[in-house]
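Fold and contact review
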Amino acid sequence: MKQVDIFKALSNEARLQILEWLKEPDLHFTPHEGIDMNKTGVCVSQITDKLKMTQSTASHYLSMLLQVGLIKADRIGKFTYYKRNEDAINGIAEFLKLKR
């Protein structure tokens, strides 16, 4: 994915907030029964509730982050769980270090 697309996805406060929450999900969300949020991720409904936005808006934001590779999605039953893609995030950090 091109860096410019990644920075476009990061140019929204709510999307940045999602990435921050997903960094330490135990501090920001209550897990679904039997789900390890650090391993599996956080359900879209939990993110929607925390954002206080409609599910369509939250899903659009998650889709943008997913499309540029900053998060990963895992479908379990009727739920989709999202977690950060640490490799991609570290790659952006390295890119920024090289641009000094």
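Residues numbered from 1 in each chain as written. Predicted model: local features only at pLDDT ≥ 70, side-chain atom pairs only at ≥ 80, totals over all residues. Heavy atoms only, no water.

Some points on the pairing of strand β2 (residues 71–76)
In this structure, β2 lies alongside strand β3 (residues 79–84), joined through six bridges in antiparallel fashion. Residue pairing for β3: Asp-74 is matched across the bridge by Tyr-81. Linking β2 back to β3 in an antiparallel pair, the connection comprises two residues, with Gly-77 at a positive phi of about 65°. (Pairing = 2+ DSSP bridges. Helix = DSSP H or I, 4+ residues; strand = E, 2+ residues; numbered from the N terminus.)

Remarks on helix α5 (residues 55–67)
With 13 residues, α5 extends 18 Å from end C-alpha to end C-alpha; this agrees with the ideal 18 Å at 1.5 Å per step. Burial in α5 covers these residues: Ala-58, Tyr-61, Leu-62 and Leu-65. Buried positions in α5, seen along its axis, are confined to an arc of 95° and lie on one side of it. Residues Ser-56 and Gln-67 are exposed on α5 and point more than 90 degrees away from its buried face. Close packing links the buried residues of α5 with α1 (3–9), α2 (13–23), α4 (44–51), β2 and β3. Trailing α5 by a residue or two, Gly-69 shows a phi angle of about 85°, which is positive. (Expected span 1.5 Å × (residues − 1). Buried < 20%, exposed > 50% of the residue type's maximum accessible area, 1.4 Å probe, protein only. Arc of directions from axis to C-beta. Contact = heavy atoms within 4.5 Å.)

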